[in-house]
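The chain contents come next:
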Amino acid sequence: MEMLRLGDSALTCVFSKTEWQEGKHKVLMKRLGDHGVAGGYLLDIVVSFGRVSVYWDVRKKRLLEVEELLVGMVEEEGVGEVLEVSEGRYWDFPVCYDGLYGLDLEDCARESGLSQEEVVRCHEAEEYEVLLIGFLPGFPFMGHTVPSLNFRRRKTPRVGVPSGSVAVAGGLTAIYPWESPGGWHILGVCPVPLFCPERGEDACLLRVGDKVKFRGVGVDEYRDMCGEMLREGYDLEVLLRE
Amino acid sequence: MGSKVRVLREGMMMSFQDRGRLGFYGSGVPRSGALDEQLLRMGNRILGNDEEEAGLEFFYRGPLLRVDEGEVCMVLAGGLGCEVRGRDGSVRKRVDSFESFCVRSGESVDVGEVREGTVGYILVEGGWKLESFLGSFSFYGRAKLGTVVGDILETRSVSDGRREGYCMVDFCMGLRKKVRVMWGPQADYFSEEAREIFATSCFEVESTRDRMGLRLKGAGLESEKGYDVRSEGLVPGVIQVPGSGHPIVLLNDCQTMGGYPKIGTVISADLRHVGQWGGGDKVSFEVVGEEEAYEAFRVLMEEEAGMKVLERSYDRLGLSDLGGTGFVDALSPFHFPGSLEEGEESE
């Protein structure tokens, strides 16, 4: 495990492929959890691909102390029980791939040498697994796209990616739950509200391990769904596959 | 029941902010919180509030507020001042930042432009009445978490007016255009030359800044290893460089994860200064090690601890001069004019 410093109040632990497969990161997270996140000096944990970022209260701990502590946690014998990965649920999400919303369809077609229709078909064909949630509230990183849709991020990120945008980059696909700056390539738009503060602690709809398949819908159908899904009492579980 | 305050004219990008929402990065929920936490803490101290009580934050220009019901004792924190107007609209008095003042029913407060920095706060005695979400009152605009600033704002309690005239005279905004940074996790993506440019040259802040971050214009920073790194955790203050080569300093509402190389991270002690940068500011970075970062933070905390709240008693007593500075230490038992000196107490 290598540690990258993120200023004086955070660092990122980088695990090798072998360490990740062995579940070293789960050991670390379990022990950090036992240690108490959001209480004491530990403020937050962010898990990403092969990495775990740890945040602490700069008033209470120093970098060197935290580094020492984390190394101890990973190296300590007796792995014990690791974090259980939740049983994934299967979702069918409608996506409107119309050029009105798929702002980068043309660029993606050009770059991949496929037609726009083929780009859409490639995106629809796969079933994606939610690998992590982050970047924005409820933002799912899902993998993996077929190699032909594996594009690098845009050189200049967009100032405003419209909310609901379904995008691809780096072999992954995602849905932007909110309008935000972003550097991924936009293929379409999805009407499903992924993060609702009204749901309290369950505000975030998707969980790591869930599976998502996209189904193309027309512009009119998409617009109807937008209104419908935001209606009070609408049960998003109808989107679950049997 | 608290007092009711009507927003007659909005300030720019107004939002309620406290220390922020901690512990939910894992669901992608940004930290949010006051861009200049020190202003929040010092303002609350003047009012006798918990120092992490939420304040009303705004950029560049403050709002025009009218108390519709009750009485409110407030403090402005930032490089700005305000006019308190009577029911007839005439200016009753002008008040600067870091001094508490009362506004009665029917009176209004016109908060002016931020003269120093870009961000200011309005704090009220007893706190604003807000709804908490995931343990914080901070508003996060993109997902509408927390209380939206509406037409009517409420305070938790009606002021009895006794906290009027408290102030902090030794607080100085002391804003820095040059801030200290530590090398970032991908500093080695950049050539020696690019790192030299980062550490020594001047950048200009673009006008599109918001609570998420600010973009800098200047000499481009070229990465030798490309601009795609695996998405990993971010932190307010981190400086990422996308393919354009122009750095972006992220702030409190920043995304929790990102995949651009990060050349540096602003140290905790200096983060408030970045929050106060505005479009057109010429800014620069000084690279320091972790020892210096913690020392800077210790010094900041020590300075903060030494900030005293004084009672400007001549205002209320109608005295024009107390013989000295005109201020007395409100925390001292002998602060009242004419109070007995130690050892003089009579039986």
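Residues numbered from 1 in each chain as written. Chains lettered and ligands numbered in written order. Predicted model: local features only at pLDDT ≥ 70, side-chain atom pairs only at ≥ 80, totals over all residues. Heavy atoms only, no water.

Peer 1: Is there a simple way to explain the overall build of chain B in this structure?
Peer 2: In terms of regular secondary structure, chain B is built from 5 helices and 23 strands. Of the roughly 13800 Å² of accessible surface on chain B, a fraction of 46% belongs to carbon and sulfur atoms. (Helix = DSSP H or I, 4+ residues; strand = E, 2+ residues; numbered from the N terminus. Areas by Shrake-Rupley, 256 points an atom, 1.4 Å probe, with all protein chains shown as cover.)

Peer 1: It is not clear to me how the interface of chain B and chain A should be interpreted in this structure. Could you clarify?
Peer 2: In many reports, interface size means the accessible area that the parts give up when they come together. In this complex, chain B contributes 53 residues to the contact, which on the side of chain A involves 52 residues. Of the roughly 4400 Å² buried where chain B meets chain A, counting both sides, 58% is carbon and sulfur surface. A per-residue breakdown of the area chain B buries against chain A is headed by B:Arg142, B:Met257 and B:Tyr294, which together make up 16% of the total. Our count for the contact surface shared by chain B and chain A stands at 5 salt bridges. As a salt-bridge pair, A:Arg51 and B:Glu232 come within 2.4 Å of each other at their nearest N and O atoms. Taken together, the connections running from chain B to chain A amount to 21 residue pairs in polar contact (both at pLDDT 80 or more). (Contact = heavy atoms within 4.5 Å. Buried area = accessible area lost by both parts, 1.4 Å probe. Salt bridge = Lys/Arg side-chain N within 4 Å of Asp/Glu carboxyl O. Polar contact = N/O pair within 3.5 Å; in protein donor to acceptor, adjacent residues only side chain to side chain.)

Peer 1: Just to check I follow, could you spell out the confidence of the model for chain B for this structure?
Peer 2: Keep in mind that low pLDDT regions are not for reading the predicted coordinates in detail. When pLDDT is averaged along chain B, the result is 90, and 90% of the positions lie at 70 or above. Note on residues 332–347 of chain B: pLDDT under 50 across the span, and 14 contacts to partners over four residues away in sequence or across chains. (pLDDT = per-residue confidence, 0-100.)

Peer 1: It is not clear to me how the packing of helix H2 (residues 24–35) of chain A against helix H3 (residues 63–75) of chain A should be interpreted in this structure. Could you clarify?
Peer 2: Helix-helix packing is described using two parameters, namely the angle between the two axes and the distance between the axes. Residues and elements named next belong to chain A. In contact at an axis separation of 8 Å, H2 and H3 are set at 120° when each is read in the N-to-C sense. When the axes of H2 and H3 are compared, the pair comes out oblique. The element H2 and its partner H3 pack so that their crossing is right-handed. Of H3, the residues touching H2 (which contributes Lys24, Val27, Leu28, Arg31, Leu32 and His35) are Leu69, Leu70, Met73 and Val74. Taken together, the residues of the contact of H2 with H3 sort by class into 7 nonpolar, 1 polar and 2 charged. (Axes fitted to C-alpha atoms, helices over the stretch in contact; angles between N-to-C directions. Parallel < 35°, antiparallel > 145°, perpendicular 65-115°, else oblique. Left-handed = near helix turned anticlockwise from the far one by under 90°. Nonpolar A, V, L, I, M, F, W, Y, C, P; charged D, E, K, R; others polar.)

Peer 1: Looking at this model, I keep getting lost on the environment of B:Leu221. Mind explaining?
Peer 2: Residue and element names in this part refer to chain B. Topologically, Leu221 is positioned in the loop between strand S15 (213–217) and strand S16 (232–233). Considering only alpha carbons, one finds Leu221 and Val241, 20 residues apart in sequence, at a separation of 7.4 Å. Among residues more than four places away in sequence, those in contact with Leu221 are Phe190, Ala194, Ile197, Phe198, Tyr227, Val241, Gly245, Pro247 and Ile263.

Peer 1: It is not clear to me how helix H4 (residues 290–305) of chain B should be interpreted in this structure. Could you clarify?
Peer 2: Residue pairs spaced three or four apart in an α-helix point in one direction, given the helix's 3.6 residues per turn. Between its first and last C-alpha atoms H4(B) spans 23 Å; for 16 residues at 1.5 Å apiece the expected length is 22 Å, and the two agree. Buried within H4(B) we find B:Glu290, B:Ala293, B:Tyr294, B:Ala296, B:Phe297, B:Leu300 and B:Glu304. Along the long axis of H4(B), the arc covered by the buried residues comes to 155°, so they all point the same way. Counted as exposed and oriented over 90 degrees from the buried face of H4(B): B:Glu291, B:Glu302 and B:Ala305. Check the buried side of H4(B) and you find it contacts strand S1 (2–5), strand S4 (51–56) and H3 of chain A together with helix H1 (37–47) and strand S13 (178–183) of chain B. (Expected span 1.5 Å × (residues − 1). Buried < 20%, exposed > 50% of the residue type's maximum accessible area, 1.4 Å probe, protein only. Arc of directions from axis to C-beta.)

Peer 1: Honestly, the packing of aromatic side chains in this entry has me stumped. Any pointers?
Peer 2: To describe a pair of aromatic rings, one takes the distance between the centres and the angle between the planes. Enumeration according to the criterion identifies 20 aromatic pairs over all chains in this entry. Residues A:Phe135 and A:Tyr176 carry aromatic rings whose centres are separated by 6.1 Å and whose planes lie at 85° to one another, so their mutual orientation is edge-to-face. Separated by 41 residues along the polypeptide, A:Phe135 in the loop between strand S6 (127–133) and strand S7 (140–143) and A:Tyr176 in the loop between strand S10 (172–175) and strand S11 (180–182) bring together distant segments of the chain. For the pair shown, A:Phe135 and A:Tyr176 are each scored as buried. With a centroid separation of 4.9 Å and 20° between ring planes, the pair formed by B:Phe198 and B:Phe285 is classed as stacked. A residue pair is termed long-range when its members are at least 10 positions apart, and B:Phe198 in helix H2 (residues 192–200) and B:Phe285 in strand S21 (residues 282–287) qualify at 87 residues. We classify B:Phe198 as buried; its relative accessible area is 0%. Put simply, the rings of A:Phe49, A:Phe135, A:Phe139, A:Phe141, A:Tyr176 and A:Trp184 pair up and form one aromatic cluster. In this structure, A:Lys61 packs its charged tip against the face of A:Tyr41, placed 4.8 Å from the ring centre. (Phe/Tyr/Trp six-rings, centres within 6.5 Å; stacked < 30°, edge-to-face > 60°. Lys NZ or Arg CZ within 6 Å of the ring centre and 35° of its normal.)

Peer 1: Teacher, can you tell me more about the state of the cysteines here?
Peer 2: Put plainly, a disulfide is one covalent bond tying together the sulfur atoms of two cysteines. Residues and elements named next belong to chain A. Enumeration according to the criterion identifies 0 disulfides over all chains in this entry. Its sulfur unpaired, Cys226 is 8.7 Å from the next cysteine sulfur, which belongs to Cys190. Here Cys226 falls in the partly exposed class, since its relative accessible area comes to 22%. (Disulfide = S-S within 2.5 Å.)

Peer 1: Mind showing me how you'd approach the pattern of salt bridges here?
Peer 2: Where charged atoms from two side chains of opposite charge come close, those side chains can pair. Taken as a whole, this structure holds 44 salt bridges over all chains when the rule is applied. Beyond isolated ion pairs, a larger network of salt bridges with shared partners links B:Glu71, B:Arg92, B:Lys93, B:Arg104, B:Glu107 and B:Glu164.

Peer 1: Got a minute to help me understand the domain arrangement of chain A in this structure?
Peer 2: Partitioning chain A into domains gives domain 1 (2–75) and domain 2 (90–239). Taking only C-alpha atoms into account, the centre of domain 1 of chain A sits 30 Å from that of domain 2 of chain A. (Domains from an automatic or database assignment.)

Peer 1: When you look at the sheet that holds S7(A) in this model, what are you seeing that I'm missing?
Peer 2: Within a beta sheet, neighbouring strands are joined by backbone hydrogen bonds and run either parallel or antiparallel to one another. Residue and element names in this part refer to chain A. With mixed pairing, the 7 strands of this open sheet are ordered in space as S5-S13-S6-S7-S10-S9-S12. Edge positions in the sheet fall to strand S5 (90–95) and strand S12 (185–189), since each of these pairs with one other strand and no more. Taken pair by pair, the neighbouring strands of this sheet meet at an average axis angle of 35°, ignoring direction. Against the sheet, helix H5 (residues 116–125) engages S6, strand S9 (165–169), S10, S12 and strand S13 (211–216), with an angle of about 145° to S13. (Pairing = 2+ DSSP bridges.)

Peer 1: Please explain the packing of helix H4 (residues 105–112) of chain A against H5(A) as it appears in this structure.
Peer 2: Residues and elements named next belong to chain A. Interhelical geometry of H4 versus H5 gives an angle of 95° and a closest axis separation of 8 Å. Considering the angle they form, H4 stands roughly perpendicular to H5. Contacts between H4 and H5 involve Leu105, Glu106, Cys108, Ala109 and Ser112 from the former and Gln116, Val119 and Val120 from the latter. In the contact of H4 with H5, the residues fall into 5 nonpolar, 2 polar and 1 charged.

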